[in-house]
Structures are given as C-alpha cells and as structure tokens.
Amino acid sequence: MFTLLQKESRAPATCPGPASTQDLDSNYGDGLERECSRKPDQKVPEFCGVGDPTAMLSSDSSYLSSRGGIIKWFWDSAEEGYRTYHMDEYDEDKNPSGIINLGTSENKLCFDLLSRRLSQSDMLRVEPSLLQYPDWRGHQFLREEVARFLSFYCKRPTPLKPENVVVLNGCASLFSALATVLCEVGEAFLIPTPYYGAITQHVYLYGHVRLVCVYLDSEVTGLDTRPFQLTVERLEMALQRANSEGVKVKGLILINPHNPLGDIYSPGELRDYLEFAKRHELHVMVDEVYMLSVFEKSAAYCSVLSLEGLPDPQRTHVMWATSKDFGMSGLRFGTLYTENRDVATAVASLCRYHGLSGLVQYQMAQLLRDRDWINQVYLPENHARLKAAHTYVAGELRAMGIPFLSRGAGFFIWVDLRKFLPEATFKEEMLLWRRFLDNKVLLSCGKTFECKEPGWFRLVFSDKAHRLCLGMQRVRQVLGGKSQVAEEPRSCQTQEPRSQRR
Amino acid sequence: MFTLLQKESRAPATCPGPASTQDLDSNYGDGLERECSRKPDQKGIINLGTSENKLCFDLLSRRLSQSDMLRVEPSLLQYPDWRGHQFLREEVARFLSFYCKRPTPLKPENVVVLNGCASLFSALATVLCEVGEAFLIPTPYYGAITQHVYLYGHVRLVCVYLDSEVTGLDTRPFQLTVERLEMALQRANSEGVKVKGLILINPHNPLGDIYSPGELRDYLEFAKRHELHVMVDEVYMLSVFEKSAAYCSVLSLEGLPDPQRTHVMWATSKDFGMSGLRFGTLYTENRDVATAVASLCRYHGLSGLVQYQMAQLLRDRDWINQVYLPENHARLKAAHTYVAGELRAMGIPFLSRGAGFFIWVDLRKFLPEATFKEEMLLWRRFLDNKVLLSCGKTFECKEPGWFRLVFSDKAHRLCLGMQRVRQVLGGKSQVAEEPRSCQTQEPRSQRR
C-alpha cells in the first residue's frame, strides 16, 4: 500500500489578480507569496500595479507561448508562497511547530462523516455505461438527481428541470467555460470586492476575460445597513466607469453566501441586482457554493432559484458544487443550472474538457439522493461543528479586541486588523501577513481579495479545535508583539467543543 | 435504485472538423451520434463508428469492484496538487517505464495527470501556441483533435496529406514521410501560418499503423530541425493485439533528438476500455511545459478517489499481465479476425496492422463518383440500414471512399453490423434484425 502523502493543497484563495480595469495589464503583481519568498538580492517591486507582466515574462521560457508564460507564472507565483507552508505543515505528532493553515477555505470538520458515507458499499458500482463515453452534460440519472436536490434545498416553488442542468468537474471549470462562451476575448464581468481572488484566473487563463471590480468599503454610509454592502448605485458606477474606458461588460458575478465576507443577500437585494443586470442585458452568474453552509439558524438564506419570476431567466445562471457544502474539494463536482439552452449547450460542448468520471457521477447521485443522511446526520452535525468552531474563534477575536464581520455562513471570518498596521498600506498588510507566517500561522490577506482598504484578513475556522486553538494563540502572539512560536496548545483542551470528534 | 440509462454516447471519433486552415470556420456538422440516438430501440443502430473497446467490461467491472478500489481518505477529499497526487504520478512513472520498455526509469516530477487526453490537447495547444498558430498533423487523423486544440486554444491544424497510393520509397499506403512533412510545413509558412508543433498518433487512429523506431526518429529529427514541439499520442499503446506487430513507444528511444520538445500522452480510455473514467497523463522533461499544463489542470481536475483507483489499477501488474492484457488481446484478435474475414468474403480491400480497435476500409469502388458527396450518401445508406460507420471525410482523408470500421464489440453485434454493411453494399434495402448465421461465429474466448 503506498503512502497517501499529506495533501499538497493548491489553495486558490490567495492568488492575486488585477483589480481595476486600468490596472488589468499591469497588475499581475507578484503574488504575495512570491513577495514572501523573494530572495534578498532581488528587487522588490511596488505593490499596486507592478509593471507589465509580458515584459517580466519575456525571458522566462522560449518553449511557451506568451499566454503559456502567463499561465505558468500564475502557478509559480502561488507555488512560491505555498512552498513555505507545504514544507512545514503542522502535524500534531510529527511537526507540532509546523504552520497552521487558517488560510484555505476548506471544511475539515466532517471527514469522519463523509468518509463513512462514501465508504459504504452502495458507493462502489461499476457498470459499462459508467465506463463508456458519457453525454458530456453528465449522465441523465445524475442531472435528474441534481434537479431534485436543488429544487428541494433551494426551496424552489416549482421543480427544476434536468435538461437545464450541466455537471462538470468543479466551479472553477464552470467559470472558465461561462467566460469563454459568454464573452469575446478581453470583455469583462463585474464583480463586487472583496472577492475570492482565484476567480480572476478562472475567467482569464482560458477565457481571457477580465474582471471589473465594484469596489466596496467598510464604511457604512447613506442607506447602507452593513459594511461592504453591495448596492445598485455602486454597480451602476462601476459599469459606467468600465464603459467610459471602453471595456465591454457582459456579465455580473454574485457569490451568495459570500466569500470572503460570509454575507447573505436578502431576496430584495438579489432582485435589485438582477433587475440592474436586466436593464443592461448582463448575464448574472450566481455562485451558491456555500448554500448549505449557513450554520446560523437565524440567518435567512435565499437561493436565487427560490425567487418567483426572475427578471431575466435567460441570463441567470446558477452554480453549485459539493466542494464546500459537502467538504470534498478534492472530489471535483460542480453543477450549472440555467434555462438558457444556448448557454447550456455551449458549456456542455466544453464539458468534454471538464469531464467527470462515470464512477464519480454515480457516487454523487448516491450522495445527493440520500436525504435521510443529509438531513438527519450530515447537515445538523456539520452546522453544529461549524457553529462551535465559529463561536470559539469569534470569542478569541473579541477577547483580543479585534473587530470582525460575522454573518453565520461560510467557513471564514473577515477580520479587521487595520489598527495593527502602522500605516494604512498594502505593504504593511503584507508585512503583517509575513509576520503571521513566520509565527507559523497562515491567513489570507485582503489584497488577494482585491479589498480596497489595507488591513483586512480572512481567517478560516472550519478546522479541528486543537488547530484553531494553536492558530489563534499564534495570531495573538503576533498582534501582541511576541515572537515566540507556540507549540503546546496548553489552554486548548478545555476549549474542545462537545460535538467535535477526531 | 435509479435506472442507469443506455449511454448517450458522444462518440468524439466521428465529429467532423476543419482540416486545412481554409476550412476552419465552416465545418462543425451535426454529431453522428445525434442520428443514432433518435431510435434507441430493438431495431436500433449498430455502432461500428465509435472507437471504444466493449470487449472487456466483465474483466474491468470485476477488478474495479474489488474492495481495494474503494478507499476514502481526507487527503483524497481535499484540494490536490493540480499535477496530480504524488502517489499517482509515481505509479504512472513506474507503469510507463515498464510498458514503454524504458531503458532508464521515468521521473514522477515529469508526469502530469488530468481528466483525459482531450483536455491534454486543449492545454498543450494553449500553452505552446499563440491564438491562430498551428500544429502539423498527418491525415487521415482522429477528427475530434481539431476541436480539442481549437475550442479553448484557438489553435489550427495544418494537414500533412497522405494518400493510399504507394509511391517512391513508400512501403505502405498512407505512409508518413519526412518529405511530406517538409512540404506541408513549407506550404503553411508560405501562407503565413506559424506552425509550432507536430502531432503524431502511434499506434495510429484511424489507420491502426505503427511507426518503426527509425521512422519515429526521422520525424523527431525533422521536428528538431524546425524547433517544433512533438506531441506523441500513445493512447493505443497496449492495444497492439498482433504479437508480430513490433510496437515501439517514443519513450523507449535512447537519446531523443529534442527531449525538451517531446511530450508523450497516454490515457486509460482505450487501453483499459474506460473512456468514461476520464484519466490521462502527460510525460515531458520540459519543466516549463509541465508547469504551464499543471496550471491549467485545475480546470481538468481528477477526483481524488479516481486518482486512487487509477493508482491501484496501474500497480496491479499481475492482473494486467496475466488476466487483462492476454484476454483483451485475444478478444481483439478474434473480433478483428472475424471482421477481416467478412470483408475479404465481400471482396473489400482494407488496411490491417494489428493495433487499435478499427479497420480502415476501402469502399472507393462502391462510389459512383470519387466525391465526398457520394461518400456521404454511402454513409447515409449505412445509417438508414441501421449500421453506423465513420466516413473518411471526418478524418480529413484526401481521397473519398475510405471508412473506419470499429470491431472491438461483441460477436453478435459485429455479425449483425456486418450483415447490414453487406446489404448496403450488395444493394439490398432490408434491415437485418435476426443474426441468423451469427451463433456459430461466436469466438470461443468471448464472454458476456
């Protein structure tokens, strides 16, 4: 039996990306990770707008095309940063002084439940039809199951139709395919900031589509009810700015529940955004990948699929995957729901490059149809564990006097560390990020989410108690000014939430 | 338990595609499968068009159902290294080292895994070429490659036209020579098309041809002279069922002319009869190319559970060498022998090389005129008589009248299919339903 090595996670969450349209060609800034591992004799470029990437890359490889060079650069820049983490990953037995990862948004709390369910004998079935070339939209039995599943969990008034479902190997692929089929090269999607930075690559690497940022900030002004609130007014402003710069915007990306804010849009807000999009004939891609990860019962989540009478159903496309809600980012299973046959067909045509193994399709169908397990075992336990972990981390943050946003959804907390920056610059934010890393705790800094204001960090809490405890201790040390690395989670035993199991 | 419906096959082998640079925008025809799936009932269409090995599902099902195939570990459920899990890349390196008869072991760091060779063509096209640049490809070729390099990559294919006439120093029809490669390259250059690479398929689809080591080396030397990348698709590597056919993988050659521009592709789709499982591999010594492809692999990712299963499969040399390969080759050979016999009895010429799942059949004498229009009409007559073949146009064959006939299927289906072919060519219009004379044809080693 070979050794299953520690996962070499390629946490896409911290990939840098261009923010504004002006900066698009100039802001393939060095990945923050590259900054961190830069050798002392290399020149340190500025942070915002770091020069022409093509010039940077021209001598890099005579074997690759220019777009190949850019594609490779994305890998290298992320790789450098995570090399530090990968070479020194925390393990309670083998490497207790290793780095605690509070940066990657993965739910590590329910592997026991998932392993148990996925190991049951009904999960292994081999039929000729599963081994042969499939319908690239996905096997019919799976698309039917997805339609039933989403109809139920999105609280759909009328049932969804299997023919409007396309399945493929994850939402990253879905962004790539949608960008390619909806946009010409160089066209753009609007996206509110801060946002999950890897989307920049997903629409660009194959699709060559850009993102136009709708900048949100923490100050609650006017009719806002909360920080970083998305309003139609801000959408209109961003669109106008793009138009005036000659950038053609074809769509709007909404992430609900939101990453990294953990925000949930109200039905009224969703409708306002959809009406805005309709006025301008924009496609709306709604990423609902954290749909079932709303652990606060009081948080009233509403899927766009539950709205009656969408303003523009032909331009409303809903994305979901098992990566987050079922804690299996390595399984690679994503779905698209759209009533637009042209879009569904075009995406399906690209799905031969994003194909799902027939055996995995079978397993996913088995998983999705097991409502008893989902409703009585998995979701209650998952939510309880997420809530407990969130409560713990939130408590620690309050004890440290650190402000944060908390919405009851997702795996992360959007933390306000602005007061810890001597100057409100991204350079200082990066130095703070580096101090955390040197103290063996990995967070994600706001720059990688294109946050307008320096000093915000995303902290992931969906991990086991002892790791959270140790991680928070190390965070406290950095912010309290200590430099010693905490190895012993001395005060952590009492913190173990009752419902957590190893 | 839900019903596993009949597969709605999207047989990529028969997708038409633009071959020459001029035709690029005009030739996305209807999938032939759309024709077939209209009537999936008892009088349904026999599919001798899709290149899939349907002979060994029993062996594969048995092996894949064994308990060692189901293992769930946290590391398999989490975000992977997009090049593929280390344990799998090590297994692939060992596997290819053995089966490609490699003098020195291959290195895991030169391996990238992803969800199939179609994705690999897409990724390679994108990282090696600017938009609009091209790869050379000898014709006839597996037409779907046109889409694989174009849909995302916007890369074109420049055809190296081969024809059936054996001339000069040729030893066989449709022979690829360096002279023809040079001519095609010159023609592309004169038209302002920048060629960045060459695609070789060995064993060949649709010809079933195997390149000799000397020929491989000649092609690689040609590529090196012009600084072209060579993508060698060896997806039928283990499907050489004639013992006398001496197959040589490019990975077995000592001292490649240009290792930094030689990239080898393999997948389980054909050799292990599991096109639906989606598992392909790239082997290249070029770190830039491997890295760039890996960067795109997040869009071509393989489930962690499938990666585990593939590693289990590849490492089971006993099963592969003692159960699967001998039985698979025996069944392929028997099926091939049957269909070849039927073709001879009908007086139909064909090429036969002892590799792959198909026979390249010469139906030129059945066309009233040597035109692709007549070829299409003949194809249509086959389809109307409920048998699906692939016509030469979809492989960009220069000469009308060639068809690819897939034989890697069960005896009763082959029998019925050949009866229907015979009816069309003999001029009858009645659809054969009863495989009356088929029982006695059942090859001894075949099992349901």
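This is a predicted model, so every value here is computed, not measured.

Colleague: How do you make sense of the domain arrangement of chain A when you look at a structure like this?
Modeller: Accessible area lost when the parts come together is the quantity often used to give the size of an interface. Residues and elements named next belong to chain A. Domain assignment breaks chain A into domain 1 (9-49 + 77-112 + 374-500) and domain 2 (125-372). Counting from both sides, the interface comprises 45 residues of domain 1 and, opposite them, 51 residues of domain 2. At the boundary of domain 1 with domain 2, the tally comes to three salt bridges. Between R407 and D263 there is a salt bridge, with the nearest N and O atoms lying 2.1 Å from each other. Taken together, domain 1 and domain 2 are joined by 22 residue pairs in polar contact (both at pLDDT 80 or more). Among the secondary structure elements, those contributing two or more residues to the side of domain 1 that touches domain 2 are α14 (371-399), β10 (412-416) and β13 (456-460). Top contributing element to the side of domain 1 that touches domain 2 by residue count: α14, with 11 residues.

Colleague: Just to check I follow, could you spell out unusual backbone geometry for this structure?
Modeller: In terms of backbone geometry, most residues other than glycine have negative phi values and most peptide bonds are trans. With omega at 0 degrees, the peptide bond leading from N256 of chain A into P257 of chain A counts as cis. Considering the arrangement of structural elements, one finds P257 of chain A in the loop between β5 (249-255) and α10 (267-279). A cis amide bond links N202 of chain B to the next residue, P203 of chain B, at an omega of 0 degrees. Mapped onto the elements of the fold, P203 of chain B is located in the loop between β5 (195-201) and α8 (213-225). At R278 of chain B, a position not held by glycine, the phi torsion is positive, near 65 degrees. For R278 of chain B, the location among the structural elements is in the loop between α9 (268-271) and β8 (280-284). By relative accessible area, which is 4% here, R278 of chain B ends up buried.

Colleague: Looking at this model, I keep getting lost on the packing of aromatic side chains. Mind explaining?
Modeller: Two aromatic rings are characterised by how far apart their centres lie and by the angle between their planes. For the structure on display, the rule yields 40 aromatic pairs over all chains. Taking 5.0 Å as the distance between ring centres and 80 degrees as the angle between the ring planes, the aromatic pair formed by F228 of chain A and W456 of chain A counts as edge-to-face. One end of the pair, F228 of chain A, is in the loop between β4 (210-214) and α9 (232-244); the other, W456 of chain A, is in strand β13, and 228 residues separate them in sequence. On the accessibility criterion, F228 of chain A (1% relative accessible area) is buried. We note K393 of chain B situated over the ring of F372 of chain B; from NZ or CZ to the ring centre the distance is 5.3 Å.

Colleague: What is the right way to read the domain arrangement of chain B from this model?
Modeller: All names here are of chain B. Looking at chain B, the domain boundaries give domain 1 (3-61 + 319-428) and domain 2 (73-315). Listed per partner, the contact involves 45 residues of domain 1 and 50 residues of domain 2. Taken over both partners, the interface formed by domain 1 and domain 2 buries close to 4,000 Å², and the fraction arising from carbon and sulfur atoms is 60%. Here domain 1 and domain 2 share three salt bridges between them. The shortest N-O distance in the salt bridge between K398 and D163 comes to 3.2 Å. One can count 16 residue pairs in polar contact (both at pLDDT 80 or more) joining domain 1 with domain 2. Secondary-structure elements contributing two or more residues to the side of domain 1 that touches domain 2 are α2 (57-64), α12 (317-345), β10 (358-362) and β13 (402-406).

Parameters at a glance
Residues numbered from 1 in each chain as written. Chains lettered and ligands numbered in written order. Predicted model: local features only at pLDDT ≥ 70, side-chain atom pairs only at ≥ 80, totals over all residues. Heavy atoms only, no water. Domains from an automatic or database assignment. Contact = heavy atoms within 4.5 Å. Salt bridge = Lys/Arg side-chain N within 4 Å of Asp/Glu carboxyl O. Polar contact = N/O pair within 3.5 Å; in protein donor to acceptor, adjacent residues only side chain to side chain. Helix = DSSP H or I, 4+ residues; strand = E, 2+ residues; numbered from the N terminus. Buried < 20%, exposed > 50% of the residue type's maximum accessible area, 1.4 Å probe, protein only. Phe/Tyr/Trp six-rings, centres within 6.5 Å; stacked < 30°, edge-to-face > 60°. Lys NZ or Arg CZ within 6 Å of the ring centre and 35° of its normal. Buried area = accessible area lost by both parts, 1.4 Å probe.

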